[in-house]
Amino acid sequence: MKKIVIINGHPNRDSFNFGLTKAYKEGALQSGTEVREITIADLQFDPNLQFGYQKRMELEPDLLKAWEIIQWADHLVWIHPVWWGGLPARTKGFIDRLFLPGIAFKYRENSVWWDKLLKGKTGHIITTLDQPGWYYRLLYGRPSVNQLKKSTLVFCGVEPVKVTYVGIIKTSDEKQRMQWLTKIKGLGQKQK
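Residues numbered from 1 in each chain as written. Predicted model: local features only at pLDDT ≥ 70, side-chain atom pairs only at ≥ 80, totals over all residues. Heavy atoms only, no water.

Structural notes on the pattern of salt bridges
So the rule is basically this: The working definition used for a salt bridge is a side-chain nitrogen of Lys or Arg within 4 Å of a carboxyl oxygen of Asp or Glu. Numbering of helices and strands runs from the N terminus, with a helix taken as a DSSP run of H or I at least four residues long and a strand as a DSSP run of E at least two residues long. Whether a residue is buried, partly exposed or exposed follows from its accessible area with a 1.4 Å probe, protein chains only, as a fraction of its type maximum: under 20%, in between, or over 50%, in that order.
The full count for this structure, using the stated rule, is 7 salt bridges. The shortest N-O distance in the salt bridge between Glu-60 and Arg-97 comes to 3.0 Å. On the criterion of sequence distance, the pair formed by Glu-60 in the loop between strand S2 (34-39) and helix H2 (61-72) and Arg-97 in helix H3 (residues 89-98) is long-range, its members being 37 residues apart. Residues Glu-60 and Arg-97 agree in their burial class; the two are buried. Note that Lys-92 and Asp-96 form a salt bridge whose closest N and O atoms lie 2.6 Å from each other. On the criterion of helical spacing, the pair formed by Lys-92 and Asp-96 is a turn pair, its members being 4 residues apart in helix H3. In this structure Asp-96 comes out as partly exposed when scored by relative accessible area, which is 24%.

Here we look at a nonpolar patch on the surface
Stated precisely, the cut-off is as follows: Grouping into patches uses exposed residues only, defined as over 30% relative accessible area, and leaves out salt-bridged ones; the cut-off is 9 Å for like charges and 5 Å for nonpolar side chains (Val, Leu, Ile, Met, Phe, Trp, Tyr). For every accessible area listed, the method is Shrake-Rupley and the probe measures 1.4 Å; residues are considered covered only by the protein chains on display.
Residues Trp-134, Tyr-135, Leu-138, Leu-139 and Tyr-140 make up a contiguous nonpolar surface patch of roughly 600 Å² in combined accessible area. Here Leu-138 is to be found in helix H4 (residues 133-140).

Any functional reading would require information beyond the geometric quantities listed.
If you want it as structure tokens, here you go:
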């Protein structure tokens, strides 16, 4: 049985991202998949990596628990909005504090290369936009996807990583949102 963690990066519980999280989870559970959730907004931690990689900060209990869930999972599903082309600040802080050398990857001594410590896991990014996904890709080069997919997940060994764009959120009506929820529930059922 596949083990999935859904990581919700939206800070507002009233956001559509929470509806997408629920839809994906319902679909995955219907297919017999084991699902756990990490809601970044609920975690107590300092999102600022104060010393960079020069000095290690102790991980707070919520980060230790989140890492335990990430290690447990076969498939990482990230759901987040795109703000100013990137991830919400707290989601970026979650990554900065948790995806560390020696934990998610390991630099090789006297080398520019590294070991990917999350090999064997797959990923899916579901991101909401206030513009069409094609526009975000072509005009801006999809910076949040590049950051999360290429510079974090693939860098640490998570691959393949699929991407699903949901938007335009700000102009959507109830009918459109229901269609998106149905689509995301279907992705959960397929465990993608």
